[in-house]
Amino acid sequence: MVRLEDIIDRVAAYNPSADTEIIKKAYVFSGVVHQGQTRLSGEPYLDHPLEVANILTALKLDVQSVATGLLHDTVEDTHTTIEKIEETFGPEIAVLVDGLTKLSRVTFDKQEDHEAENFRKMILAMGRDIRVILIKLADRLHNMRTLGAMPPEKQKMIARETLDIYAPLANRLGIGWIKTELEDLAFKHLEPEKFANLSERVAQEKVVRENYIEHVKVMIEEKLKEHGVQGEVTGRPKQLYSIYKKMASQDVNFENIYDIIAFRVIVKTVKECYEVLGITHSAWKPVPGRFKDYIALPKGNLYQSLHTTVIGPYGVRMEVQIRTTEMHSVAECGIAAHWKYKEGKGGEGKDTKNFAWLRQLVEWQRDLKDSDEFLETLKIDLFPTEVYVFTPKGHIKEFTAGATVVDFAYSIHTDVGNRCYGARVNGRMSPIKYQLRNGDVVEIITSPNHHPSKDWLGFVKSPRARTRIRHWIKTEERQMSIGLGREICVNEFAKHGLDFPKLLKTGEMEKTAKDGFGLQGVESLIASVGYGKISVAQVLGKLLPPEKLETKYNLAVFKRVLDKITPRGKKEKSPVIVGGAEDMLVRFAKCCNPLPGDEIAGFITQGQGVAVHSKGCPNMLHIDKDRRIDVAWDKKEKTTRPVKIDIVCRNEKGLLAEITNAIKAADANISSAEIKTSKDNKALCRFEVEVNDAAHLKTIIKAIQKIKNVTKVERVRKDVSKDGETEAIP
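Rules of the game
- Residues numbered from 1 in each chain as written.
- Predicted model: local features only at pLDDT ≥ 70, side-chain atom pairs only at ≥ 80, totals over all residues.
- Heavy atoms only, no water.
- Pairing = 2+ DSSP bridges.
- Helix = DSSP H or I, 4+ residues; strand = E, 2+ residues; numbered from the N terminus.
- Axes fitted to C-alpha atoms, helices over the stretch in contact; angles between N-to-C directions.
- Buried < 20%, exposed > 50% of the residue type's maximum accessible area, 1.4 Å probe, protein only.
- Salt bridge = Lys/Arg side-chain N within 4 Å of Asp/Glu carboxyl O.

### Comments concerning the sheet that holds strand S19 (residues 669-677)
Argument step 1. Pairing is antiparallel in the open sheet, where 4 strands are placed in the order S19-S20-S18-S21. Of all the strands in the sheet, just S19 and strand S21 (710-715) have a single pairing partner and so form its edges. Across the sheet, the mean angle separating the axes of adjacent strands is 20° when strand polarity is ignored.
Argument step 2. Here 10 bridges tie strand S18 (residues 641-650) to strand S20 (residues 682-691), and the two strands are oriented antiparallel to one another. Across the sheet, the residue bridging to Val643 is Val689, located in S20.

So this is what it looks like as structure tokens:
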């Protein structure tokens, strides 16, 4: 267990002039307010803030940060208030504690909204003072170290959040050791069996690996001496999660992972870094394509180092990282290594400005109101930027791997992105989907008549581009809805003897919008009518007495409009209930092809009915929240839906007949079939079958899986047809 004296000693070791009295005061305060509280493990609660403060000393942070580590849970978990913290410790520590306090007293409709708002508040606080996130990372690290006391479901939820948000955030801030430990701890709780198996495999070779590391370390030291270079050499095995990711991405076993050992050489100057690189390459053959110069082109988190992979002694692949002492300090502690507050100097320094992505994070989060969209974009932005390209004038821009010409265009200016229709990459014409590569020189070509498309959201990578495209689309759709809503209101009001344009001029509609519907103004009301979220009958109900309203106008306006475009003739009853109303025009999305029994979500399209998606379909993230509507399967209606099944099997005689008989025996009709064979005597069969619901499909799949020589059966989730994204039903 960490003691207060240990923390004081560590602070004094890296900052002898520090006034540690505030740390002692925070310890006493925290001990009093947390008195009697215990953690799930049974340990006194005070152990947790002590451990957090101790982690902060490893980052060599100032006394205010260490004191906040001791106080970070006082407002959330005790009766203490921010005002009390400010009165006792001053405004600086109060701001830090407030930034770390979760929104536990605010009620949200969904857990995702709660989670998103916590991150949003944290980002805003981080924009004001970066120490907030450094303390939060220390808090999360100790929570992960003690996660075993939590229930299994909670363990997995916290571990997933850590892997998705906090580990990438530590990496973005350049704090390598925290990122590594968070990833391994998250891996341990998310995949306990794989973690245990991999740990055992690595442990079995521990002695051999340690001997090899010591042998190569001595070899490198001797070669440095031969060339008159002084340097510190260390060796280590790669982290478990890194090995696991490589096994998964390359689809290989542990035995086929070669470069699991890394060596680090720390020298005094940049010149010596390149000398060591030459010495290493002259001693062992480098692996082509595995050299990266992060000294000339630093990562976005200020990380600098030379990386190379060589074929070392006994034919073993090994990675060698070469950096200066200062670069190593940044690699271990990231932004904390540059921290201005260590010297008692607040405000914006050049080190803070180097983290431009922090400011961008604060900027675009203001534009993202939807929780799902915010969390999705946050996760994308937290991954490191690895592609470096140039403007025609030679300025370097960095992007996430996979970024496109459109991402580049929006990084220049929103108007350039909105009017982009192509680019010259290295002097050659390239399409907007072209993925940027290191060293590309990019010149954007624009046209005043060209505008963003929803399709762009399918390939852009940067949060800035996604936010700007969505904003443009939302604005355009709003204008279309206002036009449609105005037209509907003019026609329907006239049927009741009302002059809609005149009511607009008198201010009557403005009053109705605000008082009757709680909207910002009449434009929002008209747009809502165009979207179909508010019916004309509802609007008229605020203006006319009930006796003057005809019952035929009591349905939502979008139902009336959609009925006009429904094909004439005999109607089949819809299997989906929309907003509580039956027999509405719906279209099933082919991107996810929902079946009865699947959880579903819907949104109102422009004059084409309600599109029905599976709940959680990624395409729903791009939909304006105002256009979403509750949908549910009509359990009274018996219907069949087409679904495609992929079957992988051996190319044996009679096997096709067995499969079709199994489908027939499960009481399903086959609409179409497509069979392809390969040279290795395998066959891929794609059947389209008519099923009653998801349970019926599961029965069919189980029946096929029982057939000998069938190796794989799965439902085709995404199969976009030539005629568009959705299919209509009457």
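### Quick word on the environment of Thr180
Argument step 1. Topologically, Thr180 is positioned in helix H11 (residues 176-190).
Argument step 2. What makes Thr180 partly exposed here is its relative accessible area of 27%.
Argument step 3. The spatial distance from the C-alpha of Thr180 to the C-alpha of Leu240 is 9.1 Å, given a sequence separation of 60 residues.

### Structural notes on the pattern of salt bridges
Argument step 1. For the coordinates displayed, the defined rule picks out 20 salt bridges.
Argument step 2. Salt-bridge contacts for Arg131 lead to Asp62; the nearest nitrogen and oxygen are separated by 2.6 Å. Here Arg131 is found in helix H9 (residues 131-145), whereas its partner Asp62 is found in the loop between helix H3 (47-58) and helix H4 (63-71), with 69 residues between them in sequence.
Argument step 3. Among the residues examined, Arg131 registers a relative accessible area of 0% and is labelled buried.
Argument step 4. By relative accessible area, Asp62 is classed as buried at 4%.
Argument step 5. Of the charged contacts, one joins Asp515 and Lys511 as a salt bridge, the two residues approaching to 3.5 Å between their closest N and O atoms. Note that Asp515 and Lys511 are positioned in helix H24 (residues 508-517) at a spacing of 4 residues, about one turn of the helix. Side by side, Asp515 and Lys511 carry an identical accessibility label, which is exposed.
Argument step 6. Ionic contacts of the salt-bridge type, sharing partners, join the residues Asp62, Glu92 and Arg131 into one network.

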